[in-house]
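Coordinates in review
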Amino acid sequence: MAAFPLQTFYQKKRRGERIAMVSLYDAPSARLCSEAGVDALLIGDSMGNVILGYDNTVSVTLNDMMCHAAAVVRGAKASSRPEVPVIADMPFGSYHGGADDIARNGTLLMQTGVHGLKVEGGNQGTLEAVKRLTQMGAPVMGHLGFTPQSSLKFSQTVQGKTAATANELLEAAKRLEAAGCFGIVLEVMPLEVAQRITETLTIPTIGIGAGAGCDGQVLVWHDLAGLSGGEPFRFVKRYADGYALLSQAARDYVSEVHAGKFPASEHGWPMPAEELELWKKESKE
Ligand code: KIV
C-alpha cells in the first residue's frame, strides 16, 4: 500500500485534476468502485438512511461505522487498486465529548484501517476535534453546508443563500483549513459560494449539490447506481437503474423457484454413479 494515499488529494488539486469520490458501506461495492477508478471511498454515515433504515444519520453509532469501515477497507484491499484512499465519517456525538473522548473514538475508527476521518460543521467543537485528531496523526476532512448530523436544527436544506451566511461558510472553510483539514466536503449550497470557497482554499473541496466549481464530487453509491428507488434529490444523477434491474432479478428468481426451474442440474453435485449404486444397495439392506 502507498505510504501517503491522501497525498493524491493535494496533487490532484495542484494539477487541476478532478476527484471522484463515492460514499458506500460494504466490501463488494468498495471493490467494484475501486476497480472502476474511483479516486476515494467514503464510509458515510448516510448509511443510517440508505441501508440501516433510519430517517436520519444521528442514530448511526461508532460500532456501526467501525463495522462498515472495516468491510470497505477489506473490499478496497482485495481490489486491483489496494492503495485507493478510504475515509470514514466520525458519527454523531463521537467528536464533541472532550479531547480524550475524541482521541479514543478517532483511534477506534482509524484502527479499522481507514486512511482518514471526516467531521461535520465549522464550530469551535469541530475545530477542536480537527486539531486533536490531526495532532494524533489522523488526516481529517471537513464537511460544510448542509450537514446531516445537525439537520434537525436547519429550517432549509440549501445553506449559504444570503450574503451573510455565504460569508459564514467561507470563514468556516478557512478555519477548517487552518485547523489542519486535508479537504472539505461542500454539501448543498449555491454554486457561487462553493466556487469561491474552492478558489480561496489550497486544500481540495468535494461537492455534493454544490455545483461544478468544486475540486471533486461525491455521490452515494446507492444513488448513482439507482438502487435507492423513489424520487432522488435534485443533485443526484443516476448512472444506472439498479432498482429495476435487481427487482427483475428477484422476480425471476421467485418465479423460477415456484415453477421448479431453479435449481437446474448444473447448480448441484450429483453423487458419483458407482457410489450411488452402492448406497442404494446398502440402504435397502
Ligand atoms: O454520509 C455521507 O455519505 C456523506 C457524503 C454524502 C458526503 O457525508
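Residues numbered from 1 in each chain as written. Predicted model: local features only at pLDDT ≥ 70, side-chain atom pairs only at ≥ 80, totals over all residues. Heavy atoms only, no water.

Topic: the sheet that holds strand 1 (residues 19-23)
Strand pairing in a sheet is mediated by backbone hydrogen bonds. Such pairs are either parallel or antiparallel. If you trace the 8 strands once around the closed barrel, you get 1-2-3-4-5-6-7-8, paired in parallel fashion. Along the sheet, successive strands turn relative to each other by an average axial angle of 25°, direction set aside. The sheet contacts of helix 1 (residues 7-15) involve strand 1, strand 2 (40-43), strand 3 (86-89), strand 5 (140-145) and strand 7 (205-208), and relative to strand 1 the element is tilted by about 140°. Strands strand 5 and strand 6 (183-187) of the sheet are contacted by helix 7 (residues 163-179), whose axis makes an angle of about 175° with strand 5. (Pairing = 2+ DSSP bridges. Helix = DSSP H or I, 4+ residues; strand = E, 2+ residues; numbered from the N terminus. Axes fitted to C-alpha atoms, helices over the stretch in contact; angles between N-to-C directions. Contact = heavy atoms within 4.5 Å.)

Comments concerning the packing of aromatic side chains
Scanning the model with the defined rule gives 4 aromatic pairs in all. Seen in terms of ring centroids, phenylalanine 146 and phenylalanine 154 are 5.5 Å apart; in terms of plane orientation they differ by 45°. Their pairing is tilted. Of the residues examined, phenylalanine 146 reaches a relative accessible area of 16% and is grouped as buried. (Phe/Tyr/Trp six-rings, centres within 6.5 Å; stacked < 30°, edge-to-face > 60°. Buried < 20%, exposed > 50% of the residue type's maximum accessible area, 1.4 Å probe, protein only.)

Here we look at the pairing of strand 1
With 4 of 5 residues buried, strand 1 lies mostly within the body of the structure. Relative to strand 8 (residues 216-220), strand 1 is paired through 5 bridges, and the arrangement is parallel. Residue pairing in the sheet places isoleucine 19 in a bridge with glycine 216 of strand 8. In the sheet, strand 1 pairs with strand 2 via 3 bridges, with the strands oriented parallel. Looking at strand 2, one finds that methionine 21 is bridged to alanine 40.

Let's talk about the site of the ligand
Residues in close proximity to the ligand include Ser23, Leu42, Gly44, Asp45, Ser46, Asp89, Lys118, His143, Val185, Ile208 and Val218, which together make up its full environment. Serine 46 is positioned with one of its side-chain polar atoms (N or O) 2.6 Å from an oxygen atom of the ligand. A distance of 3.2 Å separates an oxygen atom of the ligand from a polar side-chain atom of aspartate 89. Within the complex, the protein chains bury 96% of what would otherwise be the 260 Å² of accessible surface of the ligand. Because more than half of its atoms lie within 2 Å of the grid, the ligand is assigned to the largest pocket. Tallied by class, residues from the shell around the ligand come to 4 nonpolar, 4 polar and 3 charged. (Near = heavy atom within 4 Å. Polar contact = N/O pair within 3.5 Å; in protein donor to acceptor, adjacent residues only side chain to side chain. Areas by Shrake-Rupley, 256 points an atom, 1.4 Å probe, with all protein chains shown as cover. 1 Å grid on protein atoms, 1.4 Å probe; cavity = no way out; pocket = protein on both sides within 12 Å on 5 of 7 lines; lining within 4 Å. Sits in = over half its atoms within 2 Å of the grid points. Nonpolar A, V, L, I, M, F, W, Y, C, P; charged D, E, K, R; others polar.)

Thoughts on the domain arrangement of the protein chain
Along its sequence, the protein chain is organised into domain 1 (4-240) and domain 2 (245-284). In this structure, domain 1 and domain 2 have C-alpha centres spaced 46 Å apart. (Domains from an automatic or database assignment.)

Some points on the side chain of aspartate 39
Take aspartate 39: it is sitting in the loop between helix 2 (27-35) and strand 2. Taking relative accessible area as the criterion, aspartate 39 reaches 17% and is therefore assigned buried. From its side chain, aspartate 39 meets the backbone nitrogen of alanine 20 in a polar contact 2.8 Å long. When near neighbours in sequence (up to four residues on either side) are disregarded, aspartate 39 contacts Lys12, Arg18, Ile19, Ala20, Arg81, Val84 and Pro85.

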